[in-house]
Structures are given as structure tokens and as C-alpha cells.
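Residue strings, one per chain:
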Amino acid sequence: MTEWFQSTFLGYGFGWFVATTILILLIALPLMLAVAMIIYADRKIWAAMALRRGPNVVGPLGLLQSFADGLKVFLQETIIPSAANRGLFLLAPIITFTVALIVWAVIPFGPRMVLADINVGLLYILAASSLGVYGVIISGWASNSKYPFYSALRAAAQMVSYEVSIGFVLISVVLWADSFNLSTIVEKQQGAGILPFLNGFGFNPLLFPMAVVFLISALAETARAPFDLTEAESELVAGYQTEYSSMSFALFWLGEYANVILMCALNAILFWGGWLPPIDWAPLYMVPGIIWFFGKILIFFFIFSWIKATVPRYRYDQLMRLGWKVFLPLSLLWVFLVSGYLMLTRYGG
């Protein structure tokens, strides 16, 4: 599409700008719609597991509930505490929301279906997603309130702790795929299972433990239950978002769920074949790759919701122990195991 715009009267530079803007909107707008629907799905899954009905009044089957909630917060007044740092208070939700969006630039939805197919896509994701903690820290500090500040301290320690183990998990994947490019990582998963007809590193016994570690670390990184210590309502009211209302609160909500969808997408891309069908069988490739990709995202989101509905919240010391004393040594050991195995088999010892 970019080449077509550049070949028109718009010229090379402006044609690239128009094409890129359209592609950004094609990702951002459906993502916002997906966030609204995923919040609805989240509430429905929790309700089903608690033998309740969930949202069922606004629209058919309650499908418009998220849009009604969005309209409600849009019409509310933005209240800023008198003792808060006004500029930083308003900047924090913008940072959270923006960082949640920019990471999607390198996510491949199918073969050649990616906004920026850069060679260091995985490093870009690691760098950009680590910026999300600044939104939480700034909101907790700028609120000039006790509970949000406690939450900000917790968030900083929690995100740093689990990003370390996520980094080592990604090294194992990069070693096996021999690339930081996400499209290449997906392509290398064709027939990569323990049986040659299975697509996905997750079907490889050597990489499956890392798939489990990454899934649990993704829950902690997005502060989802049982690791939602940053907004533990029994201890911190609502955590870092306690003093927020109206659209500033909604931006936190949108950013949080966009990050959840992102982590579901990364689970699918890094370990379960991305846009590839689970079985390397020709008829399955007739289904468009983007359908397989979205299907895998929905499966992982169901797992996220299932865990939230059933697993009790960790204590903070348990959370830290899991990150530093279990996942960090385990993922570091796996880097040695994977690199040693590849030296013996792929590179001839």
C-alpha cells in the first residue's frame, strides 16, 4: 500500500506519511474496539465462573455495556486533587495509554501484515513496554496521596522484577529462532514441535517450560490477578488510580487492557506459531493467518480471565520470591541449556 501512495501525485515523502497514518489507524481503531469487547468478555467470563449473568441489559446480550461505561466516564468531571502536581497528574495516564499503543507497531498479524517489520522487533517491544511503569510511578507520586504512592512503589518493584525473567525467556527464543524479527520468529516455528507436524516452540519440550514462565510473568507484568498488588482494593483502595476520575481514569483502563491483549499476542507469536495453524497440514493454511492469530489471542485471554476468576491474590513477599528466587534462576539456567543444546546439534559442538 505504501508503494502505491508513493507512486501517486502525493510523491515519495508525503505518500509514505499518508500510507503510514492509514496503517496506524487500521491498527489503533480496531484495537480500541477490541479493548471494549474484551472488557465485556472479561466480565462475562468472571460472571459465568461465579454462576452469575454478568452484563445483560445494555444492548443485545449486554454487548454495549462497555460503550455505555465509556460514555459515562467521558461525561464526568475531571477532578484534580488540590495538593497534586497538576501537570504530572494529567501526563501519567497519557504515558500509560500511549506506550500501550506504540508497541503494536511491530506485531505481525500475518505474513507481511505488520506496520514496521524491523529486525530488532523484540528489543523494541522490551524497551517500549518497560516505559509503561513510568505512567504508574508518576501517577502515584503526582497524586500526593498515601495509597497511590504505595502502589507506585509496588508497581516499580514488580515490573522490574518480572521484566528481568521475561528478558531471559526471550533470549532462549531468540537463540532458537536466530533472529529478533517477530515475523522470522513465527516462520521458524513451522514444524518446530516435538513432532514434525506441530507448529510452535511451545510444542518443543526444551522451550515449553519457558512458555509457562512467560505466561505467568505476563500476568505479573500487566498486574493481572493473582499479581494485581498495585491496585489491591482491600489494601490500597484502587492503588495508583485512586485519585483519578473521568477520561484520565479511562485512559488507564484502556492502556491496561491494551497491554493484556499485547501479552496474549506475544504468547501466541513467541511460542505458539503466531499466524500459523497449530498443525502443519496444507488444508489448514486455507484459513487466513490473521484468523489463527486472533483465535490464539482469544484463547490466552480466556486463560487470563480464568486465572483472575479462580486464583486468590498473592502476598507481596510471595510475588517477589517467585520473581527473583524461582523465575530468574530458572530462566537463566534455560539460557545455558538452550545454548548448549544448539551448540551440540545445530552448530556442531
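Everything numeric here is computed off the predicted structure, so don't read it as measured data.

Calculation notes
- All residue numbers refer to positions counted from 1 along the written sequence of the respective chain.
- Note on the predicted model: pLDDT of at least 70 is required for a residue's local features to be given, and 80 or more for side-chain atom pairs to be given and counted; whole-chain, interface and lining totals, by contrast, use all residues.
- Note that the side-chain values use all heavy atoms of the structure and ignore hydrogens as well as water.
- Note on definitions: angles span 0 to 180 degrees between N-to-C directions of axes, and those axes are lines fitted to C-alpha atoms, for helices only across the stretch in contact.
- Runs of E in the DSSP output that reach at least two residues are strands. Runs of H or I that reach at least four are helices, and both are numbered from the N terminus.
- Roughly parallel means an angle under 35 degrees; roughly antiparallel means over 145; roughly perpendicular covers 65 to 115; every other angle is labelled oblique.
- Each crossing gets its handedness from the near helix: less than a right angle anticlockwise from the far helix is left-handed, clockwise is right-handed.
- Any two residues whose heavy atoms approach within 4.5 Å at even a single point are treated as in contact.
- In this classification, Asp, Glu, Lys and Arg are treated as charged, Ala, Val, Leu, Ile, Met, Phe, Trp, Tyr, Cys and Pro as nonpolar, and every other residue, Gly included, as polar.
- Any residue under 20% of the maximum accessible area for its type is buried, any over 50% is exposed, and the rest in between are partly exposed; the area is computed with a 1.4 Å probe on protein chains only.
- The definition of a polar contact used here is a pair of N or O atoms within 3.5 Å, where within protein one atom must be able to donate a hydrogen and the other to accept one, and adjacent residues in sequence count solely through side-chain atom pairs.
- Between Lys or Arg on one side and Asp or Glu on the other, a salt bridge is scored when a side-chain nitrogen of the former is within 4 Å of a carboxyl oxygen of the latter.
- Exposure above 30% relative accessible area and the lack of any salt bridge qualify a residue for a patch; like charges then connect within 9 Å, and the nonpolar side chains Val, Leu, Ile, Met, Phe, Trp and Tyr within 5 Å.
- With residues, only the protein chains shown are counted as cover, and all accessible areas are computed by Shrake-Rupley using a 1.4 Å probe.
- For our purposes a nonpolar core is just a set of buried Ala, Val, Leu, Ile, Met, Phe, Trp, Tyr and Cys residues, chained together by side-chain atoms within 4.5 Å.
- Any pair of Phe, Tyr and Trp rings, taking the six-membered ring for Trp, is counted once the centres come within 6.5 Å. Such a pair is stacked with planes under 30 degrees apart, edge-to-face with planes over 60 apart, and tilted for the rest.

## Some thoughts on the packing of helix H7 (residues 146-177) against helix H9 (residues 208-221)
Two numbers describe how H7 lies on H9: the axes approach to 9 Å, and their chain directions differ by 155°. Put simply, H7 runs roughly antiparallel to H9. In this structure, H7 meets H9 at a crossing whose hand is left-handed. Counted together, Gln158, Met159, Tyr162, Glu163, Ser165, Ile166, Val169, Leu170 and Ser172 of H7 and Met210, Val213, Phe214, Ser217, Ala218, Ala220 and Glu221 of H9 form the full contact between these two elements. Tallied by class, the residues present in the contact of H7 with H9 amount to 10 nonpolar, 4 polar and 2 charged.

## A closer look at the side chain of Ser331
Relative to the helices and strands, Ser331 is located in helix H13 (residues 316-345). Residue class for Ser331 comes out buried when judged on its relative accessible area of 0%. A polar side-chain atom of Ser331 sits 2.8 Å from the main-chain carbonyl oxygen of Phe327. Not counting residues up to four positions away in its chain, the partners in contact with Ser331 are Ser165, Phe168, Val169 and Met210.

## Details of the pattern of salt bridges
Following the criterion strictly, the structure yields 4 salt bridges and no others. The salt bridge involving Asp42 is made with Arg224; its shortest N-O contact spans 3.0 Å. Within this pair, whereas Asp42 is found in helix H2 (residues 11-49), its partner Arg224 is found in the loop between H9 and helix H10 (233-236), the two being separated by 182 residues in sequence. Between Asp317 and Arg315 there is a salt bridge, with its nearest N and O atoms 2.9 Å apart. For Asp317, a relative accessible area of 40% corresponds to the partly exposed category.

## A closer look at a nonpolar patch on the surface
A cluster of nonpolar side chains, namely Leu33, Leu61, Leu63, Leu64 and Phe67, defines an oily patch on the protein surface of about 460 Å² accessible area. Here Phe67 lies in helix H3 (residues 65-75).

## Points about the nonpolar core
Judged by nonpolar contacts, the single largest core of 67 residues is most densely connected at Ile107, Leu270 and Phe271. Secondary structure elements with two or more residues in this core: H2, helix H5 (121-129), H7, helix H8 (182-187), H9, helix H11 (246-271), helix H12 (289-310) and H13. Per-element tally for this core: the top contributor is H11, with 13 residues. Apart from residues no more than four positions distant in its own chain, Leu270 is found in contact with Leu122, Leu170, Val173, Leu182, Ile185, Gln189, Phe201 and Phe214. Among the nonpolar cores identified, the runner-up in size contains 14 residues, and Phe89, Val133, Tyr240 and Phe252 belong to it.

## A few points about the environment of Val160
Inspection of the secondary structure puts Val160 in helix H7. Among the residues examined, Val160 registers a relative accessible area of 44% and is labelled partly exposed. Through-space distance from the C-alpha of Val160 to that of Val133 is 8.6 Å; in sequence the pair is 27 residues apart.

## Looking at the packing of aromatic side chains
The geometry of an aromatic ring pair is captured by two quantities: the separation of the ring centres and the angle between the planes. Evaluation of the coordinates by the stated rule reveals 16 aromatic pairs. A centroid spacing of 5.9 Å and a plane angle of 80° characterise the contact between Phe109 and Phe293, whose relative ring orientation is edge-to-face. Placement of the pair is Phe109 in the loop between helix H4 (86-102) and H5 and Phe293 in helix H12, with a sequence separation of 184 residues. Residue classification places Phe293 among the buried residues on the basis of a relative accessible area of 0%. A ring pair is formed by Phe214 and Phe271, whose centres lie 5.9 Å apart and whose planes are at 50°; its orientation type is tilted. Of the two residues, Phe214 is situated in helix H9 and Phe271 in helix H11; the sequence distance between them amounts to 57 residues. For Phe214, a relative accessible area of 2% gives the class buried. In this structure Phe271 comes out as buried when scored by relative accessible area, which is 0%.

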